[in-house]
Amino acid sequence: MRRRAKTIEPRIERAGEWLYEAHRRRDRFSPLPGDLAPRDVGDAYAIQSEYVGMRAAALGPIAGYKIALTTPAMRAMVGLNDSIAGDMLEKSILRGPARVRAADYLRLLVEFEIAVQLAEDLPAIGAPYDRARVARAVAAAMPALELADDRNADYASLAANSLMLIADNAWNEGAVLGDPVRDWSGVDLAGLRGVATINDKSVGEGHGRDVMGHPLDALAWIANNLASRGLGLWRGDVVITGSLVTSKFPQAGDRVRFDAGELGAVELHVD
């Protein structure tokens, strides 16, 4: 059973409400007002939880997680020394091929990832987790496209507002999943080559090892991140483990595809 165990400070609750309303008004990404701004990483995740909880009324319960800033270069760019965990809500997780409307986002951002689905729970009490332990909990692996909205953020100012990325749920708006591969254990996930295309033109490629050294190391990272907050991963959860290719910004009319070798491919049409 999922739970957010701690009593929430009124300031954190107000911050979550402010963020939810900013999204509802389609405001540009900007810092929280000074009195509501996260003071540390713990504050930022508490605000994220409040914001996501408000979105859940329309989008359903938490059904998975994303990982952002999986490379040292990306963390340095935004002034953080660790990756970021974000929640994914049930109705925002789509099966490919899928369609979305560009007009539903301020600026649609797509990333190209290896996803896993869990066959068993990884509760907080079992931490710390490592690659071997989380591997035993994986039911299937598949290609995925993360859907995100940077809300026209000014990337030059991110380092000054790095905790806002956590509070804003790492910009996640869901994911598009390919067909699950249940006999994934014979696949070299670290060596797997992924190719991203838009309208059949290659826009980048990468390997599974580009994400924290191994996608299952990324899975262990998020299990430990959640455990540090008294939370767990649960059977059926989906985790997208970080992009093998730099973020792309597709436009209306584009067809986005991610070919993940032995794991197959997944497609998104942007209307």
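Keep in mind that what you see is a predicted model, and the values were worked out from it rather than measured.

Draft legend 1. Inspection of the sheet that holds strand E4 (residues 98-100) at higher detail. Spatial ordering of the open sheet is given by E4-E12-E11-E8-E9, a layout of five strands whose pairing is mixed. Single-partner strands in this sheet number two, and they are E4 and strand E9 (201-207). On average, each strand axis in the sheet is tilted by 20° relative to the strand beside it, whichever way the strands run. Where strand E8 (residues 193-198) and strand E11 (residues 255-259) come together, four bridges link them in antiparallel fashion. Within the sheet, the bridge partner assigned to Thr197 lies in E11 and is Arg257.

Draft legend 2. Region of interest: the pairing of strand E5 (residues 108-118). A large share of E5 lies buried, amounting to eleven of its eleven residues. Neither face of E5 is open: one carries Leu108, Val110, Phe112, Ile114, Val116 and Leu118, the other Leu109, Glu111, Glu113, Ala115 and Gln117, and all of them are buried. Where E5 lies against strand E6 (residues 138-149), eleven bridges are found, and the strand directions are antiparallel. Residue pairing in the sheet places Gln117 in a bridge with Ala140 of E6. When E5 meets strand E10 (residues 238-248), the two strands line up antiparallel, connected through six bridges. The residue bridging Gln117 from the neighbouring strand is Val238, located in E10.

Draft legend 3. Summary view of the sheet that holds E6. The seven strands are arranged E2-E1-E10-E5-E6-E7-E3 in an open sheet whose pairing can be described as mixed. Each edge of the sheet is formed by a strand with only one pairing partner; in this case those strands are strand E2 (84-89) and strand E3 (93-95). Averaged over all pairs of adjacent strands, the angle between their axes in this sheet comes to 30°, without regard to strand direction. Along the sheet, helix H2 (residues 41-59) makes contact with strand E1 (62-68), E2 and strand E7 (172-177), crossing E2 at roughly 15°.

Analysis parameters
- Residues numbered from 1 in each chain as written.
- Predicted model: local features only at pLDDT ≥ 70, side-chain atom pairs only at ≥ 80, totals over all residues.
- Heavy atoms only, no water.
- Pairing = 2+ DSSP bridges.
- Helix = DSSP H or I, 4+ residues; strand = E, 2+ residues; numbered from the N terminus.
- Axes fitted to C-alpha atoms, helices over the stretch in contact; angles between N-to-C directions.
- Buried < 20%, exposed > 50% of the residue type's maximum accessible area, 1.4 Å probe, protein only.
- Contact = heavy atoms within 4.5 Å.

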